[in-house]
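Observations on the model geometry
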Amino acid sequence: NHTWGSVARTLYYATKLAETPGYFGVESPVVSLEAYRQLKGKVPLRVAEHWGVLSPMLVAREGLLDTVISTGPTREDSGYHLGDTVFGQNAFAQMYGIPIWDESSCWSGIGLAMQAHQAAAYPGIEYTINASVTSEDDLVKEPFTMNDGFYDIPEKPGLGVTLDDDAVDKYRIR
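Heads up: these notes are all about the structure in this document. What you see is a predicted model; the values in this text were computed from it and never measured. (Residues numbered from 1 in each chain as written. Predicted model: local features only at pLDDT ≥ 70, side-chain atom pairs only at ≥ 80, totals over all residues. Heavy atoms only, no water.)

Let's shift gears to the overall build of the protein. Helices and strands together make up the secondary structure of the protein, namely six helices and five strands. From first element to last, N terminus to C terminus, the protein shows the α and β order α-β-α-β-α-β-α-β-α-β-α. Projecting the C-alpha coordinates of the protein onto the three principal axes gives extents of approximately 50 × 35 × 35 Å. Buried residues in the protein amount to 41% of all 174 residues. Residue pairs in contact within the protein that sit at least 24 positions apart in sequence constitute 55% of those at least 6 positions apart. Accessible surface, the protein: about 10000 Å² in total, of which carbon and sulfur atoms supply 55%. Computed over 13 positive and 23 negative side-chain charges, the separation of the two mean positions in the protein equals 7 Å. (Helix = DSSP H or I, 4+ residues; strand = E, 2+ residues; numbered from the N terminus. Buried < 20%, exposed > 50% of the residue type's maximum accessible area, 1.4 Å probe, protein only. Contact = heavy atoms within 4.5 Å. Areas by Shrake-Rupley, 256 points an atom, 1.4 Å probe, with all protein chains shown as cover. Lys, Arg positive; Asp, Glu negative; His and termini not counted. Charge placed at Lys NZ, Arg CZ, Asp CG, Glu CD.)

As structure tokens, this is what we get:
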């Protein structure tokens, strides 16, 4: 995130990535509001930034982003209280037609189950971003099987998954 450093580098890398099948967006390519203004309409991929890095109202008014990334409730000092919760971010997304990519709780199967339920409940969420598939163990017993880039929402009580106590014990820091 924010490692491409300039508008020129962002345009170069985004153009190269757009040639690769399966790439459809870039996350946090630059740091400043002015850089996003310079990128507007020039990037061949969808441009996303984390909620609260830029003013959500400026993003909506100026059309600076194609999507916002929710990482869950925002910090109290972010200053953007409209989206202090995922519920508020969803309302904003629907009101202004800016979809959400949900990146909250992305490191375990428990988080993946929660994201699946959120995506089903909140129409503003377009995608979930989850890194638990890269973990040695996702800490739940049930597998999440992807079908064409999607997975079924667990239907058992609660979040619909069972914590794998053996895996938790194995990775517990003592």
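Its place among the elements puts Q118 in helix α5 (residues 109-121). Looking at Q118, the relative accessible area reads 12%, which means it is buried.

In this section: helix α4 (residues 86-96). Buried within α4 we find V86, G88, Q89, N90, F92 and A93. Packed against the buried residues of α4 are α3 (56-62), β3 (67-70), β4 (100-102), α5 and β5 (125-128).

The next thing to look at is the sheet that holds β5. Taking strand neighbours across the sheet as the criterion, the five strands line up as β1-β2-β3-β4-β5 in an open arrangement whose pairing is parallel. Each edge of the open sheet is held by one strand with a lone partner, namely β1 (25-27) and β5. This sheet shows a mean twist of 30° between the axes of neighbouring strands, independent of strand direction. Running over the sheet, α5 touches β4 and β5 and is turned about 165° from β5. (Pairing = 2+ DSSP bridges. Axes fitted to C-alpha atoms, helices over the stretch in contact; angles between N-to-C directions.)

Moving on, we come to the layout of surface pockets. Estimates place the volume of the largest pocket at around 610 Å³. If you trace the largest pocket, you find 26 residues lining it, with Y127, T128, I129, M146 and G149 closest to the centre. Where the lining of the largest pocket is concerned, the elements lending two or more residues are β1, α5 and β5. With five residues, the top contributor of residues to the lining of the largest pocket is α5. Here the residues of the lining of the largest pocket are counted per class, giving 18 nonpolar, six polar and two charged. (1 Å grid on protein atoms, 1.4 Å probe; cavity = no way out; pocket = protein on both sides within 12 Å on 5 of 7 lines; lining within 4 Å. Points joined across faces, edges and corners; volume = space filled by probe spheres on them. Nonpolar A, V, L, I, M, F, W, Y, C, P; charged D, E, K, R; others polar.)

The full count for this structure, using the stated rule, is one cavity of 30 Å³ or more. Taken as a whole, the largest cavity encloses approximately 40 Å³ of empty space. Lining the largest cavity, in full, are E49, H50, W51, G52, L54, P56, V59, L65 and V68. When residues of the lining of the largest cavity are traced back to their parent elements, those giving at least two are β2 (46-50) and α3. Grouping the constituent residues of the lining of the largest cavity by class yields six nonpolar, two polar and one charged.

Applying the stated criterion to the full structure yields six salt bridges. Here E62 and R37 are joined by a salt bridge, their closest N and O atoms 2.7 Å apart. Residue E62 is located in helix α3, and its partner R37 is located in helix α2 (residues 33-39); the two are separated by 25 residues in the primary sequence. Since its relative accessible area comes to 22%, E62 is described here as partly exposed. (Salt bridge = Lys/Arg side-chain N within 4 Å of Asp/Glu carboxyl O.)

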